[in-house]
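Coordinates in review
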Amino acid sequence: MILNQEEDPSRLEDPKALHAVWQNVSFRFDAATDQHTAVSRELDSLLNDGPVEFTPDQLWTLLRAVKVQGQMLDLYTRDIAFA
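Quick look at the structure, then. All figures in this text were calculated on a predicted structure; none of them were measured in a lab.

Section: the environment of Phe29
Along the chain, Phe29 turns up in helix 2 (residues 15-48). Each C-alpha atom, one on Phe29 and one on Met1, is 9.4 Å from the other, the two residues being 28 residues apart in sequence. Apart from residues no more than four positions distant in its own chain, Phe29 is found in contact with Met1, Met72, Leu75 and Tyr76.

The following block contains the structure:
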């Protein structure tokens, strides 16, 4: 993940630069993990609601789940989504 966030990998030879990139990746990973956990709980709750018509709140839960999953995938690519 660190290499995916750095355009010039040789810059990571500098301990200060490596630390800065590591902190950024670590922060983003922690935030995405927290969001993923919260959305997973929401999805579990949604599944326990039974086969009913989707309410607007349920649709928003599904959309958030897709967005959070996209953020997790972004950590493993060079594409960064801050939204």
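So, next bit.
Details of the pattern of salt bridges
Taken as a whole, this structure holds 1 salt bridge when the rule is applied. Across the pair Arg64 and Glu42 runs a salt bridge, and its minimum N-O distance is 2.5 Å. With Arg64 in helix 3 (residues 56-74) and Glu42 in helix 2, this pair connects stretches of sequence that are 22 residues apart. Residue classification places Glu42 among the partly exposed positions, given a relative accessible area of 29%.

Comments concerning helix 3
Residues spaced three or four apart along an α-helix point in a common direction, a consequence of the helix completing one turn every 3.6 residues. When the terminal C-alpha atoms of helix 3 are compared, their 27 Å separation across 19 residues agrees well with the 27 Å that a helix rising 1.5 Å per residue should span. Burial in helix 3 covers these residues: Gln58, Thr61, Ala65, Val68, Gln71, Met72 and Asp74. Here the buried face of helix 3 lies against helix 1 (2-5) and helix 2.

The rules behind each value
Within each chain, residue numbers correspond to sequence positions counted from 1 in written order. Local features in this predicted model are restricted to residues of pLDDT 70 or higher, and side-chain atom pairs are both shown and tallied only at a pLDDT of 80 or more, whereas totals for entire chains, interfaces and linings draw on every residue. In computing side-chain properties, one takes all heavy atoms of the structure into account and sets aside hydrogens as well as water. A run of DSSP states H or I qualifies as a helix once it reaches four residues; a run of E qualifies as a strand once it reaches two. Both are numbered from the N-terminal end. Any two residues having at least one pair of non-hydrogen atoms within 4.5 Å are treated as being in contact. Salt bridge, as used here, is a side-chain nitrogen of Lys or Arg placed within 4 Å of a carboxyl oxygen of Asp or Glu. Type-normalised accessible area, obtained with a 1.4 Å probe on protein chains alone, sets the label of each residue: buried when under 20%, exposed when over 50%, and partly exposed for intermediate values. Between the first and last residue of a helix there are one fewer steps than residues, each counted as 1.5 Å, and that sum is the expected span.

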